[in-house]
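Descriptive structure summary
Chain by chain, the residues run as shown.
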Amino acid sequence: MDTAKTIHSALISVFSKDGLEPIVRQLHEKNVTLYSTGGTEDFIRNLGIPVISVEDITSYPSILGGRVKTLHPKIFGGILNRQDNELDVQQMAEFNVPQIDLVIVDLYPFEKTVASGASETDIIEKIDIGGISLIRAAAKNFKDTVIVASVDEYSMFLSLISTQNGATTLQDRRALATKAFQVSSHYDTAIFNYFNTDETIYNQSLSNGQMLRYGENPHQKGFFFGDLEAMFQKLHGKELSYNNLLDVDAAVNLMLEFKNEDPTFAILKHNNACGVATRKTIKQAYLVALACDPTSAFGGVLIANCTIDAATALEISPLFCEVVIAPDYDAEAIGILSEKKNRIILIQNEVELPQRHVRTALNGLLVQDKNNITDNKAHLKTVTLTAPTAQETEDLLFASKICKNTKSNTIVFAKNQTLIASGTGQTSRVDALRQAIEKANTFGFDLHGAVMASDAFFPFPDCVAIASTVGITAVIQPGGSIKDALSIEYCNENKVAMVFTGTRHFKH
């Protein structure tokens, strides 16, 4: 069955006129009757193209300050009538309802108005009523009516009518209707979220998805929904993969802990830091971070909290790494790092990150607030007779930042603003501790005078006992165990300083 329909009439009512002129001219060339109202009508008329005012059809002017323009049976009848339905055809003739084959709408910019900090009065006025109604009506009747629901579809639609001589197929109309319902759904979600104060209702609409090469493994499909172009300026390299994005996310969140601090460099692998250091120069920070675990650094994600210069880039260049991230680069540094054709080089922009963490679980979602607490000196409560020195306090806070961003259960060793070793993702805290000790020994680090951070409390004194025997002199942990006193007692007997923060930092 031939489903092609030629467009003979169109209703155009848009907020943004960008890109509209070529469509209007193309429709005029094909002798399409144009209907419009308000600013869109003026726009078309100023192009020297005939246009019929909606008011001439409805015999009603635009009223209530423009709130009611197109909401009329003669408009919606023209859109919603079923052309193969005998009764519809009779009523169209009886009530003198004009056929409308095409509807082009661009909604009021509600989200942009909210983001601009406008007053609630202005925001409310940007809730589109007529436009959203036109979209839903035309999309519902896609069998007979074409809907172009966003300026984003202008280019595609112009190509369609140009190559098909003003006609559309049922497949074309259904595809445009699908996009229209997405526009409608996204718009309503934005309005709901503006008003919603009930945290037990979660409603999200993301329309800027991109297909990745694959998911976590090659047999899995993968997609990213978000605006990477707002987040990063990509200077070089291949496309980010699913696993790259997970590591980049972990790297960005870790480095946020060191924003506006002395030059700090971190190397991550499988979402966990394998090297972190703070020094006077970013080159020194990189070299020390790499020495933390040069084996794990292979194929990792690198991130700095300040500009990467040429001297640092020369040190990075021999390392096989997937991604390098920094707030900026020297021009020479970009050239050096770009010598590896697949290496991804990103400039991180200042972008506000989501304040909620969302993940699938069972047959639903888990939603929680982002962990925005970074332990600082004001949070520390010394619970032992021995207090940490100034250097130990710096190292304890340094270790705590890494610990917060490492998979639980975790233990982190640090010394002189350097990650010495960590135990990550273990089923017991003792296992995490032993893993950290083994790793430190593997790379020849002296743990005497180092500090230890734990993401959660010690249920028994075994961890502080083991740590003390290898040279740990200060400990930071949340506290809160019913057996805290046993760990405190051991530390007092062995002159180990311990501070409580009162904040657990589980990360699963």
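Residues numbered from 1 in each chain as written. Predicted model: local features only at pLDDT ≥ 70, side-chain atom pairs only at ≥ 80, totals over all residues. Heavy atoms only, no water.

**Digging into the packing of aromatic side chains**
Our working definition: Here a pair means two rings of Phe, Tyr or Trp (six-membered ring of Trp) with centres within 6.5 Å. Their orientation is stacked below 30 degrees between planes, edge-to-face above 60, and tilted elsewhere. In this text, helices come from DSSP runs of H or I with a minimum length of four residues, and strands from runs of E with a minimum of two, each type numbered from the N-terminal end. Exposed residues in this analysis have more than 50% of their type's maximum accessible area, buried residues have under 20%, and partly exposed residues fall in between, with area computed by a 1.4 Å probe over protein chains only.
A complete count under the given rule lists 7 aromatic pairs for this structure. Plain terms: the ring middles of Phe15 and Tyr108 are 6.0 Å apart, the flat faces sit at 75° to each other, and that makes the pair edge-to-face. With Phe15 in the loop between β2 (9–14) and α1 (20–29) and Tyr108 in the loop between β5 (102–106) and α6 (110–115), this residue pair connects regions lying 93 residues apart in the sequence. The exposure class of Tyr108 is partly exposed, given its relative accessible area of 26%. Pairing Phe110 with Tyr194 gives two aromatic rings, centres 5.9 Å apart and planes at 85°, and the pair type is edge-to-face. Residue Phe110 is located in helix α6, and its partner Tyr194 is located in helix α10 (residues 170–195); the two are separated by 84 residues in the primary sequence. Look at Phe110 and you get buried, because its relative accessible area is 2%.

**Things to note about a nonpolar patch on the surface**
Worth spelling out the cut-off: The patch calculation keeps residues exceeding 30% relative accessible area without a salt bridge and links them within 9 Å when they carry like charges or within 5 Å when they are nonpolar (Val, Leu, Ile, Met, Phe, Trp, Tyr). For accessible areas, the Shrake-Rupley method is used with a probe of radius 1.4 Å. Any residue's cover is judged against the shown protein chains and nothing else. For this document, the term salt bridge refers to a Lys or Arg side-chain nitrogen within 4 Å of an Asp or Glu carboxyl oxygen.
Together, Tyr202, Val358, Leu365 and Val367 make up an exposed nonpolar region whose accessible area comes to about 300 Å². Position of Leu365 relative to the elements: it lies in strand β17 (residues 364–369).

**A short note on the packing of helix α19 (residues 462–469) against helix α20 (residues 484–493)**
For clarity, the cut-off: Simply put, an axis is a line fit to the C-alpha atoms, just over the touching stretch for a helix, and the angle between two N-to-C directions goes from 0 to 180 degrees. Note on angle classes: values under 35 degrees are labelled roughly parallel, values over 145 roughly antiparallel, values of 65 to 115 roughly perpendicular, and the remainder oblique. Handedness of a helix crossing follows the sense of rotation of the near helix relative to the far helix, less than a right angle counterclockwise being left-handed and clockwise being right-handed. Two residues qualify as a contact provided that any one of their heavy atoms is within 4.5 Å of a heavy atom in the partner residue. In the scheme used here, Gly and all other residues not listed as nonpolar or charged are polar, with Ala, Val, Leu, Ile, Met, Phe, Trp, Tyr, Cys and Pro taken as nonpolar and Asp, Glu, Lys and Arg as charged.
Direction vectors running N to C along α19 and α20 enclose 20°, while the axes themselves pass 8 Å from each other. On the basis of their axis angle, the class for α19 and α20 is roughly parallel. The element α19 and its partner α20 pack so that their crossing is right-handed. Every residue of α20 that contacts α19 at Val464, Ala465, Ser468 and Thr469 is listed here: Ser487, Tyr490 and Cys491. Among the residues making up the contact of α19 with α20, the classes are represented as 4 nonpolar, 3 polar and no charged.

**Topic: the nonpolar core**
The line we're drawing: We define a nonpolar core as any set of buried Ala, Val, Leu, Ile, Met, Phe, Trp, Tyr and Cys residues linked to one another through side-chain atoms lying within 4.5 Å.
Formed by 39 residues in total, the largest nonpolar core has its most connected members in Val276 and Ile325. Tallying contributions element by element places helix α12 (residues 242–256) first for this core, with 7 residues. Membership of the second largest hydrophobic core comes to 28 residues, among which are Leu11, Ile57, Val105 and Ala177.

**Comments concerning the pattern of salt bridges**
Going through the model one piece at a time under the given rule, you end up with 14 salt bridges. Between Arg45 and Glu41 there is a salt bridge whose closest N-O contact spans 2.5 Å. Here Glu41 and Arg45 lie together in helix α2 (residues 38–46), a separation of 4 residues that amounts to about one turn. The exposure class assigned to Arg45 is partly exposed, which follows from its relative accessible area of 41%. When the shortest N-O distance is used, the salt bridge between Arg82 and Asp88 registers 2.7 Å.

**Quick word on the sheet that holds strand β15 (residues 344–348)**
We count it as follows: Any two strands with at least two DSSP-identified bridges between them are counted as paired.
Taking strand neighbours across the sheet as the criterion, the 6 strands line up as β10-β15-β14-β13-β11-β12 in an open arrangement whose pairing is mixed. Bordering the open sheet on either side are β10 (232–236) and β12 (272–278), each of which pairs with just one other strand. Going across the sheet, the axis of each strand differs from the next one's by a mean of 20°, ignoring polarity. Those strands touched by α12 are β10, β11 (264–269), β12, β13 (300–304), β14 (321–326) and β15, and its axis lies near 150° from that of β11.

**Describing the sheet that holds strand β22 (residues 474–477)**
As summarised here, the arrangement of the 6 strands in space is β18-β23-β22-β21-β19-β20, forming an open sheet in which the pairing is mixed. Unpaired on one side and paired on the other, β18 (381–382) and β20 (419–423) mark the two borders of the sheet. Bridge count between strand β19 (residues 411–414) and β20: 4 bridges; the pairing is antiparallel. Paired with Phe413 across the two strands is Ala421, which belongs to β20. On top of the sheet, helix α17 (residues 390–404) reaches β19, β20, β21 (451–454), β22 and β23 (497–500); it is set at about 35° to β21, its chief contact.

**Some thoughts on the side chain of Thr503**
Relative to the helices and strands, Thr503 is located in the segment after β23. Beyond its immediate chain neighbours, meaning those up to four positions away, Thr503 contacts Ile373, Asp375 and Pro478.

**Digging into the side chain of Asp455**
The following threshold applies: Here a polar contact is recorded for every N or O atom pair within 3.5 Å, except that within protein the pair must consist of a potential hydrogen donor and a potential acceptor, and residues adjacent in sequence are included only if both atoms are side-chain atoms.
Examined against the element boundaries, Asp455 turns out to sit in the loop between β21 and α19. Here Thr410 takes part through its backbone nitrogen, which lies 3.4 Å from a polar atom of the side chain of Asp455. A distance of 2.3 Å separates the side chain of Asp455 from the side chain of Arg429, its partner in a polar contact. Those residues within four positions of Asp455 in sequence are excluded, and the remaining contacts are Cys403, Ser408, Asn409, Thr410, Arg429, Pro478, Arg504, His505 and Phe506.

**Let's talk about the packing of helix α4 (residues 73–80) against helix α8 (residues 130–140)**
When two helices pack together, their arrangement is given by the angle between the helix axes and the distance between those axes. Contact geometry for α4 and α8: axes closest at 8 Å, N-to-C directions at 30°. With respect to α8, the element α4 is oriented roughly parallel. Counting all contacts with α4, which are made through Ile75, Phe76, Ile79 and Leu80, the residues of α8 involved are Ser133, Leu134, Ala137, Ala138 and Lys140.

**Concerning the environment of Arg82**
Considering the arrangement of structural elements, one finds Arg82 in the loop between α4 and α5 (86–94). For Arg82, a relative accessible area of 44% puts it in the partly exposed group. Note: C-alpha distance between Arg82 and Lys143 (61 residues apart in sequence) is 8.1 Å. Not counting the four nearest positions on each side in its chain, Arg82 is found in contact with Asp88, Val89, Asn141 and Asp144.

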